[in-house]
Amino acid sequence: QVTITRSNENGIGTILMDRPRRKNALQLEDWEALASAIADADADDDVRAIILTSAQPGLFCAGADIADIAAHHEDAEWRARKYEAVQACNRGLWSSDKPVIAAIDGDCIGGGCGLALACDIRIAAPHARFGVTPAKLGIAYARFDTALLVAAVGIAQARRLLITADLIDAPEALRIGLIDEISDDPQSLANTRAQA
């Protein structure tokens with residue numbers, strides 16, 4: 001499982017994902033814990049801005065844990081619960097009263113890309129990679145997440161990313177509007193905290 005921790009320092013709430021062995025791939029319980037951390041940060045009057053990132057350098061979020069999906073693919077109740085948990089995360093980030101910044105220091109794939117898209121500002125390392133990959137699993141990207149993708153990159157680029165499931169690098173992500181800035185060291189959070 002991913003360890004989700006939340007801290008508050010000088011009005012900046014930081015939410016960390018920590019499962020380096022699996023590139024922060026999230027299981028159902030992780031999505032639920034992340035949704036709770038997002039809601040708590042949003043409700044905390046001492047928090048004026050929120051940063052979502054990885055606890056370990058060189059990572060962001062590889063999305064949903066594929067092994068978890070495979071183990072429960074015939075369980076309709078599990079699938080519905082997972083969908084609700086993912087949407088609680090993304091809608092919680094998107095609708096937060098606080099500015100939310102994604103500090104992306106590695107792969108930002110599938111559901112991880114959905115998390116980043118739900119943030120107000122996306123800062124990435126030069127080596128970060130991005131992909132919207134549900135097509136590789138024969139499943140659809142959620143409607144809300146797709147709307148966020150279209151809003152960020154436009155219909156043509158969104159269609160390309162969704163259909164091909166290709167991974168793109170940080171310079172291309174910046175060019176098409178998927179991220180807002182490339183930072184040499186987003187994981188240090190120095191630049192990210194300055195913006196927050």
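Our structure's up above, just so we're on the same page.
Predicted, not measured: the structure shown is a model, and the values here were computed from it.

**Thoughts on the overall build of the protein chain**
So, step 1. Scanning the protein chain for helices and strands turns up eight helices and nine strands.
So, step 2. Projected onto its principal axes, the C-alpha coordinates of the protein chain cover approximately 45 × 35 × 30 Å.
So, step 3. Taking contacts inside the protein chain between residues at least 6 apart in sequence as the whole, the part at least 24 apart equals 70%.
So, step 4. Element-wise, carbon and sulfur atoms account for 50% of the exposed surface of the protein chain, whose accessible area totals about 8900 Å².
So, step 5. Between the averaged position of the 19 positive side-chain charges in the protein chain and that of its 28 negative side-chain charges there is a distance of 5 Å.

**Notes on the sheet that holds strand E2 (residues 12-18)**
Each strand in a sheet pairs with its neighbour through backbone hydrogen bonds, running either in the same direction (parallel) or in the opposite one (antiparallel).
So, step 1. The mixed open sheet is built from six strands, whose spatial order is E1-E2-E3-E4-E6-E9. At either end of the open sheet lies a strand with only one pairing partner, and these are strand E1 (3-9) and strand E9 (181-182).
So, step 2. Inspection of the sheet shows E1 paired to E2 by seven bridges, in the antiparallel sense. Within E2, the position partnered with Ile4 by the bridge is Met17.

**Structural notes on unusual backbone geometry**
The general pattern is negative phi for most residues beyond glycine and trans for most peptide bonds.
So, step 1. Notably, Lys23 is not glycine yet its phi reads approximately 55 degrees, a positive angle.
So, step 2. Judged by its relative accessible area of 41%, Lys23 is partly exposed.
So, step 3. The phi torsion at Ala165 lies on the positive side, around 60 degrees, for a residue other than glycine.
So, step 4. Here Ala165 is to be found in the loop between helix H6 (155-164) and strand E8 (168-169).

**Remarks on the packing of helix H5 (residues 143-153) against H6**
So, step 1. The contact between H5 and H6 brings their axes to 7 Å, and the two run at 130 degrees. With respect to H6, the axis of H5 lies oblique. Crossing of H5 over H6 shows right-handed handedness. Facing Thr146, Leu149, Val150 and Val153 of H5, the residues of H6 in contact are Ile155, Gln157, Ala158, Leu161 and Leu162.
So, step 2. Partitioning the contact of H5 with H6 into residue classes produces seven nonpolar, two polar and no charged.

**What to know about the sheet that holds strand E7 (residues 129-131)**
So, step 1. Read across the open sheet, the three strands follow the order E5-E7-E8; overall the sheet is mixed. One side of each edge strand has no neighbouring strand; the edge strands of this open sheet are strand E5 (108-109) and E8.
So, step 2. Here E5 pairs with E7 via two bridges, running parallel. When the sheet's bridge partners are listed, Ile109 is paired in E7 with Gly131.

**Overview of helix H1 (residues 28-43)**
So, step 1. Given a rise of 1.5 Å per residue, 16 residues ought to cover 22 Å, and the 23 Å separating the end C-alpha atoms of H1 matches this to within 8%.
So, step 2. In this fold, the buried residues of H1 make contact with E1, E2, strand E3 (49-54), helix H2 (66-71), helix H3 (76-95) and helix H4 (111-117).

Rules used in this analysis
- Residues numbered from 1 in each chain as written.
- Predicted model: local features only at pLDDT ≥ 70, side-chain atom pairs only at ≥ 80, totals over all residues.
- Heavy atoms only, no water.
- Helix = DSSP H or I, 4+ residues; strand = E, 2+ residues; numbered from the N terminus.
- Contact = heavy atoms within 4.5 Å.
- Areas by Shrake-Rupley, 256 points an atom, 1.4 Å probe, with all protein chains shown as cover.
- Lys, Arg positive; Asp, Glu negative; His and termini not counted.
- Charge placed at Lys NZ, Arg CZ, Asp CG, Glu CD.
- Pairing = 2+ DSSP bridges.
- Buried < 20%, exposed > 50% of the residue type's maximum accessible area, 1.4 Å probe, protein only.
- Axes fitted to C-alpha atoms, helices over the stretch in contact; angles between N-to-C directions.
- Parallel < 35°, antiparallel > 145°, perpendicular 65-115°, else oblique.
- Left-handed = near helix turned anticlockwise from the far one by under 90°.
- Nonpolar A, V, L, I, M, F, W, Y, C, P; charged D, E, K, R; others polar.
- Expected span 1.5 Å × (residues − 1).

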